[in-house]
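What follows is each chain in one-letter form.
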Amino acid sequence: MKPRYLYPQDYYADPSANVFNGKLYVYPSHDWEAGAAFDDDGGHFQMKDYHVISMEDVENGEITDHGMILHVDQVKWAEKQMWDNDVVEKDGKYYLIFSAKDYNGVFHLGVAIADKPEGPFVPQEHPIRGSFSIDPSVFKDEDGQIYCYFGGLWGGQLQWYQAPEKLLKEGGVDLGPAADKKTQLFAPADVPALSSFVVKMSDDVLQFAEAPRSVVVLDKDGQPLKAGDPHRFFEASWMHKYNGKYYFSYSTGDSHMLCYAISDNPYGPFTYQGVILDPVVGWTTHHSIVQYKGEWFLFYHDCVPSNDITHLRSLKVQRLFYNEDGTIQKVINE
């Protein structure tokens, strides 16, 4: 399969692909030209609503845009920047977990509920208690338990919530703006990299059922990846399962790769395996992996159609293949 642009009529990014009722749905963020200035805080990414697209033939079939399913103006606690989201089904209801900034400029995760995958979704009045940062990926395990993986550095504010004694005010690896929005935070290159988080969701899928735990990615020697490692976590968590193993994949952010790690447990630790996708055109890399009709697919985005305007991204998809030992073959973007 050659890579396919899914919906060239509009700028969609950060695809979260899910199979519901025999159809494949993709929940992206919705890029537009807001005229905002470029900055380290991601101020030029001013997404304000969500759409959902669906298909029954990934390679050649018609793509249906079901229209807007949620707008920031409907979310009482959110002011702007409706970033990445994901959807999970439970007991016939569909739960959209999304990230947005409140009126104090702080990212939280929120929940909106629908009776069908194409929405519309009705948001809860308040964000998830204790939630922070961005890029939620919601994974439903075979036993029905639902987990949320989340977090992103720089504009995603994840660096605000890590152990402050490990962070420097200058030098080392740049982690992005501090909570005071006046200084930058740095980490020594040889300390463990900052990690994303995983948390079990409550039975009603509206709150965290526990305190979030760090998602630790180890090298082949069993040591955490270092802050200076180009393959360490930056943003864009995704979880899928293959042959009984848990595959945690993510974006390395400023080194622009998609990487993955494997564990026997949804909490990890995960052992780093390799690169799924080399850098594409555009600053960000964000993806999802899903099985549909017996085939595996990688959904992602790039900025080729917008001539490398990094906040105007376009959805792509192509096939994904595994080796006999369970490792993933690198996808070649064209």
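Going by the structure above, here's the rest.
Okay, so let's go over this structure. (Residues numbered from 1 in each chain as written. Predicted model: local features only at pLDDT ≥ 70, side-chain atom pairs only at ≥ 80, totals over all residues. Heavy atoms only, no water.)

**A word on the overall build of the protein**
Step number 1: Across its full length, the protein carries zero helices and 24 strands.
Step number 2: Each principal axis of the C-alpha distribution contributes one length, and for the protein these read about 50 × 50 × 45 Å.
Step number 3: In the protein, which comprises 334 residues, the share counted as buried stands at 60%.
Step number 4: For the protein, the proportion of contacts with a sequence separation of at least 24, taken over those separated by at least 6, is 52%. (Helix = DSSP H or I, 4+ residues; strand = E, 2+ residues; numbered from the N terminus. Buried < 20%, exposed > 50% of the residue type's maximum accessible area, 1.4 Å probe, protein only. Contact = heavy atoms within 4.5 Å.)

**Description of empty space enclosed by the protein**
Step number 1: Using the criterion set out here, one finds one cavity of 30 Å³ or more in the structure.
Step number 2: If you add up the space inside the largest cavity, you get close to 60 Å³.
Step number 3: For the largest cavity, the full set of lining residues is Leu153, Val173, Asp174, Leu175, Ala193, Leu194, Ala227, Arg232 and Phe233.
Step number 4: Taken together, the residues that form the lining of the largest cavity break down as seven nonpolar, no polar and two charged. (1 Å grid on protein atoms, 1.4 Å probe; cavity = no way out; pocket = protein on both sides within 12 Å on 5 of 7 lines; lining within 4 Å. Points joined across faces, edges and corners; volume = space filled by probe spheres on them. Nonpolar A, V, L, I, M, F, W, Y, C, P; charged D, E, K, R; others polar.)

**Topic: the sheet that holds strand 1 (residues 4–5)**
Step number 1: Ordered in space as 1-24-23-22, the four strands form an open sheet in which the pairing is antiparallel. Each edge of the sheet is formed by a strand with only one pairing partner; in this case those strands are strand 1 and strand 22 (288–292). (Pairing = 2+ DSSP bridges.)

**Considerations on the pattern of salt bridges**
Step number 1: On inspection of all chains with the given rule, the structure shows 14 salt bridges.
Step number 2: Between Arg313 and Asp14 there is a salt bridge; the shortest N-O distance is 3.6 Å. One end of the pair, Arg313, is in the loop between strand 23 (295–302) and strand 24 (314–320); the other, Asp14, is in strand 2 (residues 12–20), with 299 residues separating them in the sequence.
Step number 3: Taking relative accessible area as the criterion, Asp14 reaches 5% and is therefore assigned buried.
Step number 4: Of the charged contacts in the structure, one is a salt bridge between Glu89 and Lys140, with a shortest N-O distance of 3.1 Å. Taken together, the positions of Glu89 in strand 7 (residues 85–90) and Lys140 in strand 11 (residues 137–140) put the pair 51 residues apart, joining distant regions of the chain.
Step number 5: By sharing partners, the salt bridges in this structure join Asp14, Asp31 and Arg313 into a single network. (Salt bridge = Lys/Arg side-chain N within 4 Å of Asp/Glu carboxyl O.)

**A closer look at the packing of aromatic side chains**
A ring pair, where both rings are aromatic, is described by two values, the distance of the centres and the angle of the planes.
Step number 1: For the structure on display, the rule yields 28 aromatic pairs.
Step number 2: Taken together, a centroid distance of 6.1 Å and an interplanar angle of 40° make the contact between Phe20 and Tyr25 tilted. When sorted by exposure, Phe20 lands in the same class as Tyr25, which is buried.
Step number 3: An angle of 75° between the planes, with centres 5.1 Å apart, marks the rings of Phe20 and Tyr94 as edge-to-face. Linking Phe20 in strand 2 with Tyr94 in strand 8 (residues 93–102), this pair joins segments that are 74 residues apart in sequence. As far as the burial class goes, Phe20 and Tyr94 line up, both buried.
Step number 4: Taken together, the aromatic side chains of Phe132, Phe150, Trp160, Tyr161, Phe197 and Phe208 make up a single cluster linked through ring pairs. (Phe/Tyr/Trp six-rings, centres within 6.5 Å; stacked < 30°, edge-to-face > 60°.)

**Let's talk about the environment of Met55**
Step number 1: Inspection of the secondary structure puts Met55 in strand 4 (residues 49–55).
Step number 2: Exposure remark for Met55: the relative accessible area of 2% places this residue in the buried category.
Step number 3: Along the chain, Met55 and Gly22 lie 33 residues apart, while their C-alpha atoms are 9.8 Å from each other.
Step number 4: Each residue touching Met55, except ones within four places of it in the same chain, is listed here: Leu6, Lys23, Leu24, Val26, Glu62, Ile63, Tyr292 and Phe299.

**Observations concerning the layout of surface pockets**
Step number 1: A volume near 460 Å³ is recorded for the largest pocket.
Step number 2: Together, 22 residues line the largest pocket, and Asn18, Val138, Phe139, Lys140 and Val290 are the ones closest to its centre.
Step number 3: Every element with two or more residues in the lining of the largest pocket is listed here: strand 2, strand 7, strand 11, strand 18 (235–242) and strand 22.
Step number 4: Here the lining of the largest pocket is composed, by residue class, of 12 nonpolar, four polar and six charged.
Step number 5: Space inside the second largest pocket adds up to approximately 390 Å³.
Step number 6: Lining the second largest pocket are 26 residues, and of these Gly42, Phe45, Glu235, Trp283 and Thr284 sit closest to its centre.

**Re the sheet that holds strand 20 (residues 258–263)**
Step number 1: Read across the sheet, five strands follow the order 17-21-20-19-18 without closing on themselves; strand pairing throughout is mixed. Pairing within the sheet leaves two strands with one partner each, and these edge strands are strand 17 (217–218) and strand 18.

**Observations concerning the side chain of Ser306**
Step number 1: Assignment of secondary structure puts Ser306 in the loop between strand 23 and strand 24.
Step number 2: Among the residues examined, Ser306 registers a relative accessible area of 5% and is labelled buried.
Step number 3: If sequence neighbours within four positions are ignored, Ser306 has contacts with Tyr11 and Leu312.

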